[in-house]
Amino acid sequence: MVESRNSISSLPGMLANERSTYLLIKASSRLIIMLCRKGIKDLSPPEKSKFVEAALMLKNAVSSQIPAAAADGSISRWDDYVWLHLHAMHGAHRGSAFLPWHRELLRVVEQDMRNAVSDPTLTIPYWYWTTARSSIDPGWPFVDDFMGGLGETDTLIVRTGPFRTNMDGTSDWVLHIVDAETSTSSSWTVTTCFFAYQKPGS
Ligand SMILES: [Cu+2]
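Residues numbered from 1 in each chain as written. Predicted model: local features only at pLDDT ≥ 70, side-chain atom pairs only at ≥ 80, totals over all residues.

Section: the overall build of the chain
Right, on to step 1. Secondary structure assignment for the chain yields 5 helices and 3 strands.
Right, on to step 2. Listed N to C, the secondary structure of the chain is β-β-β-α-α-α-α-α in terms of helices and strands.
Right, on to step 3. Sequence-distant contacts in the chain: of pairs separated by 6 or more residues, those separated by 24 or more amount to 42%. (Helix = DSSP H or I, 4+ residues; strand = E, 2+ residues; numbered from the N terminus. Contact = placed C-beta atoms within 7 Å.)

This is the structure we're talking about:
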């Protein structure tokens, strides 16, 4: 039974910030706190920057933990997930496993992101893509303080935002795991799909 829905800030001493909403669920005699993921438009600027920080931490500061992924070039935990997604492509897509497989993947990624920034309330936001379809919508993810812009028209290389590739080639989001089958185009970074496997060229 759902008891209430409120800001976590009203639970002093438990999870002391206002970043997420929660559901307080009564199961038998226990109260369970279930964090609720938000739409992008409902994220505050600090929430956006914390999410970006967590992604960059997994990409650059937390080492790969899957030996087979490391053997394929993964150097970080984020690379691990890109590798995992790429190698699960046929089993995790176009079938009944699609939803549960991705749900579990995101749950694990989300927990890793929380650990990376020591924030147990961080949640992966939603993109309501059926309504947030252009930059005039506050839920549009491809902005410079979140996923970055759409990228160059011809190369698709992202040039703005925290995941950009600079004109001199430097970047905080260097691609290490690539899809050999579709390697002709430029990079799809997180700006294209949160867990899209990535193509070389950035
Ligand atoms: Cu997938």
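Here's the deal with the pairing of strand β2 (residues 21-27)
Right, on to step 1. As paired strands, β2 and strand β3 (residues 30-36) are joined by 7 bridges and run antiparallel to one another. Bridging from a neighbouring strand, A27 pairs with R30 of β3.
Right, on to step 2. In this antiparallel pair of consecutive strands, β2 and β3, the connection spans 2 residues, and S28 shows a positive phi of 55°. (Pairing = 2+ DSSP bridges.)

Details of the nonpolar core
Right, on to step 1. In this structure, A54, A55, L58 and M113 are the most contacted members of the largest nonpolar core, which totals 15 residues.
Right, on to step 2. Mapped onto this core, the elements with two or more residues apiece are α1 (45-60), α3 (77-87) and α5 (98-116).
Right, on to step 3. Examining the composition of this core, we find that 5 residues originate from one element, α3, more than from any other.
Right, on to step 4. Contacts of A54, omitting those with residues within four sequence positions, involve M113, A116, V117 and L122. (Core = buried A, V, L, I, M, F, W, Y, C linked by C-beta atoms within 7 Å. Buried ≥ 20, exposed ≤ 12 C-beta atoms within 10 Å, placed from the backbone.)

Let's talk about the environment of P45
Right, on to step 1. With respect to the element layout, P45 can be found in helix α1.
Right, on to step 2. Owing to 9 C-beta atoms within 10 Å, P45 belongs among the exposed residues under this scheme.
Right, on to step 3. Linking P45 and D145, residues 100 residues apart in sequence, is a C-alpha distance of 8.1 Å.

What about α5?
Right, on to step 1. With 19 residues, α5 should reach 27 Å at 1.5 Å per residue; the first-to-last C-alpha distance of 27 Å fits that figure.
Right, on to step 2. Taken residue by residue, α5 has V109, M113 and A116 as its buried positions. Angularly, the buried residues of α5 cover 55° about the axis, an arc narrow enough to put them on a single face. Away from its buried face by more than 90 degrees, α5 exposes L99, P100, R103, E104, R107, V108 and Q111.
Right, on to step 3. Packed against the buried residues of α5 are α1 and α3. (Expected span 1.5 Å × (residues − 1). Arc of directions from axis to C-beta.)

Observations regarding the environment of S49
Right, on to step 1. You can see S49 is positioned in helix α1.
Right, on to step 2. Residue classification places S49 among the partly exposed residues on the basis of 14 C-beta atoms within 10 Å.
Right, on to step 3. Here the alpha-carbon distance between S49 and P162, two residues 113 residues apart in the chain, equals 9.4 Å.

Some remarks on unusual backbone geometry
Right, on to step 1. Phi is positive for S118, which is not a glycine, with a value near 50°.
Right, on to step 2. Relative to the elements of secondary structure, S118 occurs in the segment after α5.
Right, on to step 3. With a phi angle near 70°, L156 is a residue other than glycine that sits in the positive phi range.
Right, on to step 4. Inspection of the secondary structure assignment puts L156 in the segment after α5.
Right, on to step 5. Taking the C-beta count within 10 Å as the criterion, L156 has 18 such neighbours and is therefore assigned partly exposed.

As for the packing of α1 against α5
Right, on to step 1. With their axes 9 Å apart at the nearest point, α1 and α5 run at an angle of 95° to one another. One element, α1, and the other, α5, form an angle in the roughly perpendicular class. Residues A54, A55, M57 and L58 of α1 lie in contact with α5, whose contacting residues are D112, M113 and A116.
Right, on to step 2. Across the contact of α1 with α5, the residue classes break down as 6 nonpolar, no polar and 1 charged. (Axes fitted to C-alpha atoms, helices over the stretch in contact; angles between N-to-C directions. Parallel < 35°, antiparallel > 145°, perpendicular 65-115°, else oblique. Nonpolar A, V, L, I, M, F, W, Y, C, P; charged D, E, K, R; others polar.)

Details of the confidence of the model for the chain
Right, on to step 1. Across the chain, the average pLDDT comes to 80, with 79% of residues at 70 or higher.
Right, on to step 2. Note on residues 7-17: pLDDT under 50 across the span, and 13 contacts to partners over four residues away in sequence or across chains.
Right, on to step 3. Confidence drops under pLDDT 50 across residues 183-202; counting only partners more than four residues distant or on other chains, this segment forms 58 contacts. (pLDDT = per-residue confidence, 0-100.)

A look at α3
Right, on to step 1. In terms of residue burial, α3 counts as a mostly covered element, since 9 of its 11 residues are buried.
Right, on to step 2. Contacts from the buried residues of α3 go to α1, α2 (67-71) and α5.

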